[in-house]
Amino acid sequence: MKITEHISKAAGKTLFSFELLPPIKGKSINDIYNAIDPLMEFNPPFIDVTYHREDYIYKQHDSGLLEKLTYRKRPGTVAICAAIMNRYKVDAVPHLICGGFTKEETENALIDLQFLGIDNVLVLRGDARHADAHFVPTPGGHAYASELLNQVIEMNHGKYLYEDHSAFKTEFCVGVAGYPEKHFEAPNMKTDFKYLKQKVDMGAEFIVTQMFFDNKKYVEFVKCCRENGINVPIIPGLKPITSSKQLISLPKIFHIDLPEDLSEAISDCKNEAAVKELGVEWMIAQCKELMALGVPVLHFYTMSNPEPTRKIAQAIF
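The following refers to the structure shown. (Residues numbered from 1 in each chain as written. Predicted model: local features only at pLDDT ≥ 70, side-chain atom pairs only at ≥ 80, totals over all residues. Heavy atoms only, no water.)

Details of unusual backbone geometry
And step 1. Phi angles above zero are rare outside glycine, and Lys89 is one such case at about 55 degrees.
And step 2. Of note, Lys89 is situated in the loop between helix H3 (77-88) and strand E5 (91-97).
And step 3. Lys89 gets classed as exposed once you look at its relative accessible area, which sits at 64%.
And step 4. For Ser304, which is not glycine, the phi dihedral falls at a positive 65 degrees. (Helix = DSSP H or I, 4+ residues; strand = E, 2+ residues; numbered from the N terminus. Buried < 20%, exposed > 50% of the residue type's maximum accessible area, 1.4 Å probe, protein only.)

Here you go:
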């Protein structure tokens, strides 16, 4: 079922969903099940599965020369989605990214996803490799999420890269990312809304936001979206603080602000256990307020660590 249909069927009730990471290469599918099982009591209608592009490693030979090699740390998004749907009978939402894929490889992946009965995809540009100063498109691939979105929409209309598939139309419900605190590469919020509106006009049917810790920023983001003619469901993305180190890492990696009272409270915690408890309590209060606002879904970035999200969901659902 499409995410928009899940939201419509809920008739104003806030749904629960979450995102998880594929396990590091070499681990088993049981690691995925262990990350999902504790959260199934809250009846998620869909589960997102992230995708991570290839990165580089350097292998030193006996001669002293370094060889640059590519590797994928977390493979298996398509297979994991199939396993989730088979085991839990819920919709799996794979992330599609630009980096690491040619247009042909993207088309083949979408054909496989349609064959598996997957109805939804979340389209993202994806991050730069750790070794790159900025995002570098894959030769023959897409440079922007809007270009990737266009390829999915074209396939929904029966238009493929080559004419031999033209009679077969896909039926993906496509989501895109939204940034209540602005995408870090956008010069200003006005420009950010311009490109988000462009994606919705192209055919994006829902938005999932970057994590935030101040609900006022989500409320203002939704308000500005509506004022800019963006009327699709806007799903808040959420993540509880679980470590004092995240005071530095979250703003650095995700380009977000932490409220002063939250950062001060974390700094005052006597140990990491207290930080985790505070993070859960903050997120419970944040979620209750969002539910009162009538958000369609509370979507949690679990990082495949289900316990904090489970505590939050127990308190609010």
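Back to the text.
Overview of helix H10 (residues 272-292)
And step 1. Look at H10: 30 Å from first C-alpha to last across 21 residues, which is about the 30 Å you get at 1.5 Å a residue.
And step 2. Looking at H10, one finds that the buried residues are Val275, Leu278, Gly279, Val280, Met283, Ile284, Gln286, Cys287 and Leu290.
And step 3. Residues of H10 that are buried in the fold lie against helix H7 (215-227), strand E10 (237-238), helix H9 (260-268), strand E11 (297-301) and helix H11 (306-316).
And step 4. For H10, the side-chain oxygen to backbone nitrogen distance between the N-cap and Ala273 is 3.2 Å, and the N-cap itself is Asn271.
And step 5. Trailing H10 by a residue or two, Gly294 shows a phi angle of about 85 degrees, which is positive. (Expected span 1.5 Å × (residues − 1). Contact = heavy atoms within 4.5 Å. Polar contact = N/O pair within 3.5 Å; in protein donor to acceptor, adjacent residues only side chain to side chain.)

Some points on the pairing of strand E8 (residues 206-209)
And step 1. Residue alternation in E8 divides its side chains into two sets, Phe206 and Val208 and Ile207 and Thr209, and both sets are buried.
And step 2. Here strand E7 (residues 173-178) runs beside E8; their pairing, made up of four bridges, is parallel. Paired with Gly175 across the two strands is Phe206, which belongs to E8.
And step 3. The handedness of the E7 to E8 crossover, carried by helix H6 (residues 189-202), is right-handed.
And step 4. The sheet contact formed by E8 and strand E9 (residues 234-235) spans two bridges and is parallel. Bridge pairing in E9 places Ile207 opposite Ile234.
And step 5. Read from E8 through H7 to E9, the crossover connection turns out right-handed. (Pairing = 2+ DSSP bridges. Right-handed = clockwise from strand over helix to strand, strands pointing away.)

In short, geometric facts, not functional conclusions.
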